[in-house]
Amino acid sequence: MHSKALAPEYQGALTKMSVNSSLADVLAEGVRHLREAELSGSQQEVARCGLAVAEAHRRLGNVTEADRAWKASYRSARSAGDLGAMAWALWSGGTLARQRGELRLAFRLLGLAADMGKRGGDIVARGYSLAGLAETGRIQGDYRTVAALHEQLLAEARARGEARHTVWALEGIAQIHRNTGSLDTALAMFEEAAELAGNADDRRGRAWALRGMADIISLRNDPERALALLAEAELTCREMKLSSSLAYNHKMRANVLFRAERYEEARGMYEEALAEFRAMTEPRGEALARLGLVKSLARLGRDRDDTAADLHELRRTLSRIGLLNARDMVDKAYAELGVTPVDGGTDGES
């Protein structure tokens, strides 16, 4: 039996905030309570309220403000000697680093957060930090290393009845199955995640699950159903002001249109997603949107040499970020588009 989804990152005076609260509301309340905590002189409360401010800024795409806020939260937690609050601040910083494409920093901060959570006896902070490590490895494409950790975290979440973490783990494992070709298994897990998220009133988790379902349904040549699922998810993204989720939703919409050979529509949607990713300084999403845009323009008759040059630049970018699976996607694009790789497809950084 799973409980309703909770938001343990909303702490101190913000514990009553819902997982479905608008991020604008979370930010406003976080800033208000943070000021009150600063006036009271409680460094522990400053750290806890500052965490909510950091997370709201991160999810809104305000990366500079988020970076400043998680570091301030950590300093206050350290001053108070609160190991649990220190762990949460490090988790927020590691998650932000992953969002910005700084994967090495993400691994380091999330590893420190997991250790700090263990030392401080904060099981939830440790669990979220281990999940962050697993997700970072999955995004990087290192499936062999992180698949077992995903399964471990899923089992722990099910045992504790934590709906939100169960949904996260299901979606992560489903994505691994999708990327390794097990589409039936992936779809079943995304569907389970969507149902569980709906029952637990986890709107953000359901939106991500619908996106995953749309991806696979699109691969099975049912673009209209895929687009309908994405439209449903987009409503949640807009209502909760989930900037990053909305950008990824738009990129997936472009993918669906591209697969349906609606290249002009796909081009426009990739451009919209690209602008959204650039606005929030999210290089992973930006690179993936650029890849889709290059492919769409190629299908619309763009010069082959220009296409090859863009793919070469993208491969260098993805190599620098460390997105192993995405680099493979660029290599496949050469063959798909019938374009000859620049310098034989090598970039000197492999």
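Residues numbered from 1 in each chain as written. Predicted model: local features only at pLDDT ≥ 70, side-chain atom pairs only at ≥ 80, totals over all residues. Heavy atoms only, no water.

**Side note on the packing of helix α13 (residues 263-279) against helix α14 (residues 283-299)**
No. 1: Between α13 and α14, whose axes approach to 8 Å, the crossing angle comes to 155°. By the angle between their axes, α13 is roughly antiparallel relative to α14. Between α13 and α14 lies a crossing whose hand is left-handed. Touching Tyr-263, Ala-266, Arg-267, Tyr-270, Glu-271, Ala-273, Leu-274, Phe-277 and Arg-278 of α13 are Gly-285, Glu-286, Ala-289, Arg-290, Gly-292, Leu-293, Ser-296, Leu-297 and Arg-299, all from α14.
No. 2: Of the residues that constitute the contact of α13 with α14, the class distribution is nine nonpolar, three polar and six charged. (Axes fitted to C-alpha atoms, helices over the stretch in contact; angles between N-to-C directions. Helix = DSSP H or I, 4+ residues; strand = E, 2+ residues; numbered from the N terminus. Parallel < 35°, antiparallel > 145°, perpendicular 65-115°, else oblique. Left-handed = near helix turned anticlockwise from the far one by under 90°. Contact = heavy atoms within 4.5 Å. Nonpolar A, V, L, I, M, F, W, Y, C, P; charged D, E, K, R; others polar.)

**Considering the environment of Arg-206**
No. 1: The residue Arg-206 is located in helix α10 (residues 203-219) in this model.
No. 2: For Arg-206, a relative accessible area of 28% puts it in the partly exposed group.
No. 3: As a C-alpha pair, Arg-206 and Glu-171 span 35 residues in sequence and 9.8 Å in three-dimensional space. (Buried < 20%, exposed > 50% of the residue type's maximum accessible area, 1.4 Å probe, protein only.)

**Some points on the pattern of salt bridges**
No. 1: Within this structure, the stated rule accounts for 30 salt bridges.
No. 2: In this structure, Asp-184 and Arg-220 form a salt bridge, with 2.0 Å as the shortest nitrogen-oxygen distance. Of the two residues, Asp-184 is situated in helix α9 (residues 183-199) and Arg-220 in the loop between α10 and α11 (223-240); the sequence distance between them amounts to 36 residues.
No. 3: Its salt-bridge partner being Arg-278, residue Glu-286 comes within 3.2 Å of it at the nearest N-O pair.
No. 4: For Arg-278, a relative accessible area of 48% translates into the label partly exposed.
No. 5: Among the charged side chains, a salt-bridge network with shared partners connects Glu-9, Glu-55, Arg-58, Arg-59 and Arg-164. (Salt bridge = Lys/Arg side-chain N within 4 Å of Asp/Glu carboxyl O.)

**Quick word on the packing of helix α3 (residues 63-80) against helix α4 (residues 83-99)**
No. 1: For the pair α3 and α4, interaxial distance at closest approach is 8 Å and the crossing angle is 160°. Judged by the inter-axis angle, α3 sits roughly antiparallel to α4. The element α3 and its partner α4 pack so that their crossing is left-handed. Where α3 abuts α4, its residues Val-63, Ala-66, Asp-67, Trp-70, Ser-73, Tyr-74, Ala-77 and Arg-78 lie against Ala-85, Met-86, Ala-89, Leu-90, Ser-92, Gly-93, Leu-96 and Gln-99.
No. 2: Among the residues making up the contact of α3 with α4, the classes are represented as ten nonpolar, four polar and two charged.

All quantities given are derived from atomic positions and should not be read as evidence of function.
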